[in-house]
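Here are the chains, one letter per residue:
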Amino acid sequence: MAARRGRRRTCETGEPMEAESGDSGSQGGAQVYLPGRGPPLREGEELVMDEEAYVLYHRAQTGAPCLSFDIVRDHLGDNRTELPLSLYLCAGTQAESAQSNRLMMLRMHNLHGTKPPPSEGSDEEEDEEDEEDEEDRKPQLELAMVPHYGGINRVRVSWLGEEPVAGVWSEKGQVEVFALRRLLQVVDDPQAMATFLRDEQARVKPIFAFAGHMGEGFALDWSSRVPGRLLTGDCQKNIHLWTPTDGGSWHVDQRPFVGHARSVEDLQWSPTEDTVFASCSADASIRIWDIRAAPSKACMLTTATAHDGDVNVISWSRREPFLLSGGDDGALKVWDLRQFKSGSPVATFKQHVAPVTSVEWHPQDSGVFAASGADNQITQWDLAVERDPEAGDAETDPALVDLPQQLLFVHQGETDLKELHWHPQCPGVLVSTALSGFTVFRTISV
């Protein structure tokens, strides 16, 4: 289930998320529900999804939950808004036993938009047509899996020319690279899938592996500017640079980038400079590095206390010189890299009431970003939104009065949210993973 904040990008107000009570004697009927603001859900109350707040909404489960996934860029075209939608995800499981884990390729297709509510005067004939239509509108999922020993902490996908690959951080302390071409083929072709399951699945191995981190980690990012260039960071505070070699392999520099005092939580290459990257850490800092310097001297800028506690995630805008961060303190902060030396963010938002688990800028809309938290909220934001002074005090609900103007939408109903990504080719489409499974949705706000 999910719910919306109610403000569109134009600052109109609509029906927000509601909690409904099964108690006929309860006062007030449906009420706005926001974690950490107002009373908690009482016994007998449940969140009710406002379907009119979504253009698209689908859920999928794959067995063992996935801590991390990435969207695979495909050849179906950019700026796709026509429904039904098709998309490809690469994900890794966190199963109860090490040998039960899988690296997976998912093809989700026939993803139709949300249906408008039935009109009051609909008759039986229309109902029968609706049932037939319902069958045609069923979402489809194809799944190709390969064995992976150990839970998968993070997955990131890149294209090396025409070859798609996945970088995989294992809880067993090594980083592996898997070729994805065959997995993409078999989720598109039932005959190829049958051959794969029969003859190939059990034999799939990584094309490269690095065990020099001496422990597990989570941070991993492919360069968008230099194909094959990779950064990996571990819980022992070390960051290593991978450089692709001519033979389709990698050279991993054994000298780590030194600077952080605790676990490296996330890494982001600059989208505009080949040699620059950012890192964040459980030591509360964010650092900017340049790989042209020796690893021990490569840290160029530091904000030592970026958050009150661990900095979990960062995202580097492809449109503006902005870095977005989320921490254990539940705060979302926007950093202008032109003023990074000041140590002060240009914006701070506090909507989440638990650690932020994922952040990402919208790939096309420069001021828009999304975040997920351990409070089971996904929030959508727009830095460009300002309250319309002529609209008056339309939002009379006390739960909404103190919300930040830039908060567009709050999605709820997931359990133990871990990661989200905007689809780079389908504007406004968000995909998330949680203990409760995958969710694909687009809101009316973005």
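Shown above is the structure to which this text applies.
Note that the coordinates shown come from a computational prediction; the quantities given were computed from them, not determined experimentally. (Residues numbered from 1 in each chain as written. Predicted model: local features only at pLDDT ≥ 70, side-chain atom pairs only at ≥ 80, totals over all residues. Heavy atoms only, no water.)

Chemist: Help me understand the overall build of the protein chain, please; the structure alone is not making it clear to me.
Modeler: Across its full length, the protein chain carries four helices and 31 strands. Within the protein chain, the fraction of its 446 residues that count as buried is 53%. When contacts within the protein chain are restricted to residue pairs at least 6 apart in sequence, long-range pairs at least 24 apart make up 59% of them. Entry remark: accessible area of the protein chain is about 20000 Å², with carbon and sulfur atoms responsible for 46%. (Helix = DSSP H or I, 4+ residues; strand = E, 2+ residues; numbered from the N terminus. Buried < 20%, exposed > 50% of the residue type's maximum accessible area, 1.4 Å probe, protein only. Contact = heavy atoms within 4.5 Å. Areas by Shrake-Rupley, 256 points an atom, 1.4 Å probe, with all protein chains shown as cover.)

Chemist: I'm lost on helix α3 (residues 190-200) in this one. Help?
Modeler: An α-helical turn contains 3.6 residues, so a residue and the one three or four places further along point in the same direction. By the burial criterion, the buried members of α3 are Ala 192, Met 193 and Phe 196. Here the buried residues of α3 occupy an arc of 105 degrees about the axis, which is enough to place them on one side. What points out from α3, more than 90 degrees from its buried face, is the exposed set Pro 190, Gln 191 and Arg 198. On its buried face, α3 sits against β8 (140-147) and α2 (181-188). Its side-chain oxygen 3.0 Å from the backbone nitrogen of Gln 191, Asp 189 forms the N-cap of α3. (Arc of directions from axis to C-beta. Polar contact = N/O pair within 3.5 Å; in protein donor to acceptor, adjacent residues only side chain to side chain.)

Chemist: I keep staring at the pattern of salt bridges and nothing clicks. Help me out?
Modeler: Two side chains with opposite charge may pair up if their charged atoms get near one another. With the rule as written, the count across this model stands at 16 salt bridges. A salt bridge links Arg 255 to Asp 253; its shortest N-O distance comes to 2.9 Å. The class of Arg 255 is partly exposed, set by a relative accessible area of 49%. (Salt bridge = Lys/Arg side-chain N within 4 Å of Asp/Glu carboxyl O.)

Chemist: Whenever I open this one, the sheet that holds strand β29 (residues 417-422) confuses me. Can you help?
Modeler: Neighbouring strands of a sheet are bound in pairs by backbone hydrogen bonds; such pairs are parallel or else antiparallel. The four strands lie next to each other as β4-β31-β30-β29, forming an open sheet whose pairing is antiparallel. Both edges of this open sheet fall to β4 (54-60) and β29, since each of them pairs with a single strand only. Taking each pair of neighbouring strands and ignoring which way they run, the sheet shows an average axis angle of 15 degrees. Judged from the five bridges that link them, β29 and strand β30 (residues 430-434) form a sheet pairing that is antiparallel. The residue of β30 that forms the bridge with Leu 420 is Ser 432. (Pairing = 2+ DSSP bridges. Axes fitted to C-alpha atoms, helices over the stretch in contact; angles between N-to-C directions.)

Chemist: Before we go on, may I ask you to explain the state of the cysteines in this structure?
Modeler: Two cysteines joined by a covalent bond between their sulfur atoms form a disulfide. Under the defined criterion, the tally for this structure stands at zero disulfides. The structure places no disulfide on Cys 90, whose sulfur is separated from the nearest cysteine sulfur, that of Cys 66, by 9.5 Å. (Disulfide = S-S within 2.5 Å.)

Chemist: Quick question: what am I supposed to make of the packing of aromatic side chains here?
Modeler: Describing an aromatic ring pair means giving the distance of the ring centres and the angle of the ring planes. Overall, the coordinates contain 18 aromatic pairs when judged by the stated rule. Taking 5.9 Å as the distance between ring centres and 75 degrees as the angle between the ring planes, the aromatic pair formed by Phe 257 and Trp 289 counts as edge-to-face. One end of the pair, Phe 257, is in the loop between β16 (250-252) and β17 (264-269); the other, Trp 289, is in strand β19 (residues 286-290), with 32 residues separating them in the sequence. Here Phe 257 and Trp 289 have matching classes, each one buried. Taken together, a centroid distance of 6.0 Å and an interplanar angle of 10 degrees make the contact between Phe 369 and Trp 381 stacked. Taken as a pair, Phe 369 in strand β26 (residues 368-373) and Trp 381 in strand β27 (residues 378-382) lie far apart in primary sequence, 12 residues in all. For the residue pair Phe 369 and Trp 381, the accessibility class agrees, reading buried in each case. (Phe/Tyr/Trp six-rings, centres within 6.5 Å; stacked < 30°, edge-to-face > 60°.)

Remember that the coordinates give geometry; whether it matters functionally is a separate question.
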